[in-house]
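# Structural characterization, general
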Amino acid sequence: CEDVAKRQQVPTYSHMSTNSQRENAMELARRSGILIARDAARRGIHSQVLSRLVAEGALERVGRGRYRLPDAPVTEHHGLVLVAAAVPDGVVCLLSALAFHGLGTQVPSSVWIAMDRRARKPSVTWPPVRVLRFGGETLTAGVETHTLEGVAVKIFSPAKTVADLFKYRNKVGIDVALEALREVWREGRATVDELNAAARICRVERIMRPYLEATIA
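An account of the accompanying structure is given in this report. Starting from 1, residues in each chain are numbered consecutively following that chain's sequence as written. Only residues with pLDDT of at least 70 are given local features in this predicted model, and only at 80 or more are side-chain atom pairs given and counted; all residues enter the totals for whole chains, interfaces and linings. Think of the side-chain values as coming from all heavy atoms in the structure, minus any hydrogens and water.

## Observations concerning the overall build of the chain
- Note on conventions: DSSP H or I runs of at least 4 residues are helices, E runs of at least 2 residues are strands, and numbering of each starts at the N terminus. The number of helices and strands found in the chain is twelve helices and eight strands.
- Residue contacts follow a heavy-atom distance rule, with two residues in contact if any of their heavy atoms lie within 4.5 Å. A fraction of 57% describes how many contacts in the chain between residues 6 or more apart in sequence connect residues 24 or more apart.
- Carbon together with sulfur atoms contributes 47% to the accessible area of the chain, which is approximately 12000 Å² in total. Areas reported here follow the Shrake-Rupley algorithm with a probe of radius 1.4 Å; residue values treat only the protein chains shown as occluding.

And the structure:
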């Protein structure tokens, strides 16, 4: 029994050699853009290997359990990439989605993401994250997937973003929603049907209708 207890106290990580784990970690970082510690562990890469690679300068730690190559290209959307890597089920929304699509004049200080009402709050230390709880179609409709820095990032479409802004007008301001609506229409980023469909899903059809009619008149 004592031998069994001792064996249970010793964690078993991988039969791969340290060199193989290092090579696999570097390849995963090259392919994924952001290497997630839990993904590395599933592939038999021990956390100590990642720590050594960071100490040697081969990898850069960009957040809790997140690593990247030091010379990996960084875009203006790097904050979205870090959050998407940490919260793969989240969807970039509201002011952050607006900024991504190049609409309006808002420069959000946090990354706004929509998450399922039952999902656990993400433990992201940087960048700052503002979480809104969505459910049903409001979370699944109008989701686009963009590959940024090698990472798949879910972002609401321009039409869905406009509808969300109207729904959360008390948080962002009705002027922000109106500005977004005008720009989306002026730049041809959404059709009337797409805007109406998004408004129905967000249950702001009655609120949006007069502003939409005035915009397209």
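## A few points about the nonpolar core
- Within the largest apolar cluster, 33 residues are counted, with the highest numbers of intra-cluster contacts made by Val162, Leu165, Phe166, Leu195 and Met208.
- Mapped by element, the contributors of at least two residues to this core are α6 (94–100), β5 (111–116), β6 (129–134), α8 (158–167), α10 (174–186), α11 (192–202) and α12 (205–216).
- Dropping the residues within four chain positions of it, leucine 195 is found in contact with Ala159, Val162, Leu181, Val184, Ala190, Met208 and Leu212. Only buried residues count toward a nonpolar core, which is a set of Ala, Val, Leu, Ile, Met, Phe, Trp, Tyr and Cys residues joined through side-chain atoms within 4.5 Å. Under the scheme applied here, a residue whose accessible area is under 20% of the maximum for its type counts as buried, over 50% as exposed, and between as partly exposed, the area being computed with a 1.4 Å probe on protein chains only.

## Notes on empty space enclosed by the protein
- Grid points spaced at 1 Å over the protein atoms alone were grouped into cavities, where a 1.4 Å probe fits but cannot get out, and pockets, open sets with protein on both sides within 12 Å along at least five of seven lines, with lining residues defined by an atom within 4 Å of a point. Grid points are joined across faces, edges and corners, and a volume is the space filled by probe spheres set on the points. Counted by the stated rule, this structure contains one cavity of 30 Å³ or more.
- Roughly 40 Å³ of internal volume is contained in the largest cavity.
- Around the largest cavity sit Leu80, Val83, Ala84, Val87, Gly90, Val91, Val92, Ile113, Val153 and Lys154, which together line it.
- For the lining of the largest cavity, the secondary structure elements donating two or more residues are α5 (78–86), β4 (91–92) and β8 (151–156).
- If you tally residues by element for the lining of the largest cavity, the top one is α5, at three residues.
- All amino acids are sorted into three groups, where Ala, Val, Leu, Ile, Met, Phe, Trp, Tyr, Cys and Pro are nonpolar, Asp, Glu, Lys and Arg are charged, and the leftover types, Gly among them, are polar. Of the residues assigned to the lining of the largest cavity, the class counts are eight nonpolar, one polar and one charged.

## As for the packing of α10 against α12
- Axis lines are fitted to C-alpha atoms, over the contacting stretch for helices. Their N-to-C directions set the angle, which ranges from 0 to 180 degrees. Across the interface, α10 lies against α12 with an axial gap of 10 Å and an inter-helix angle of 40 degrees. As the angle between them shows, α10 and α12 are arranged oblique. Relative to α12, the crossing made by α10 is right-handed. Mapping the contact onto sequence places Ile174, Leu178, Leu181, Arg182 and Trp185 in α10 and Tyr211, Leu212, Thr215 and Ile216 in α12.
- Of the residues in the contact of α10 with α12, the class split is seven nonpolar, one polar and one charged. Under this scheme an angle from 65 to 115 degrees is roughly perpendicular, one under 35 degrees roughly parallel, and one over 145 degrees roughly antiparallel; angles in between are oblique. Each crossing is labelled by how the near helix is turned from the far one, with a counterclockwise turn of less than a right angle marking it left-handed and a clockwise turn marking it right-handed.

## What about helix α4 (residues 47–56)?
- Residues of α4 that are buried: Val49, Leu50 and Leu53. Seen end-on, α4 carries its buried residues on one side only, within an arc spanning 100 degrees.
- Two residues or fewer past α4, glycine 57 is found with a positive phi of approximately 85 degrees. Here the arc refers to the set of directions running from the helix axis out to each C-beta atom.

## A short note on the packing of aromatic side chains
- Side-chain rings of Phe, Tyr and Trp (the six-membered ring for Trp) are treated as a pair once their centres are within 6.5 Å; stacked means planes under 30 degrees apart, edge-to-face means over 60, and tilted covers the remaining angles. Under the criterion given, the structure shown has three aromatic pairs.
- Between the aromatic rings of phenylalanine 134 and phenylalanine 156, the centroid separation amounts to 5.8 Å while the plane-to-plane angle is 20 degrees, which identifies the pairing as stacked. Pair noted here: phenylalanine 134 is in strand β6 and phenylalanine 156 is in strand β8, with a separation of 22 residues, a long-range link. Taken individually, phenylalanine 134 and phenylalanine 156 each receive the classification buried, so the pair is uniform in this respect.
- Here the guanidinium or amino end of lysine 160 rests over the ring plane of phenylalanine 156, the centre of that ring lying 3.8 Å away.
- Of note, lysine 167 hangs over the ring of phenylalanine 134, and the distance from its end group to the ring centre comes to 6.0 Å. Look at NZ for Lys and CZ for Arg. If either is within 6 Å of the ring centre and within 35 degrees of the ring normal, a charge sits over the ring.

## Regarding unusual backbone geometry
- At leucine 94, a residue that is not glycine, the phi angle is positive and equals roughly 45 degrees.
- Structurally, the position occupied by leucine 94 is in helix α6.
- For leucine 94, a relative accessible area of 0% gives the class buried.
- Its identity is not glycine, yet arginine 203 carries a phi of approximately 60 degrees, on the positive side.

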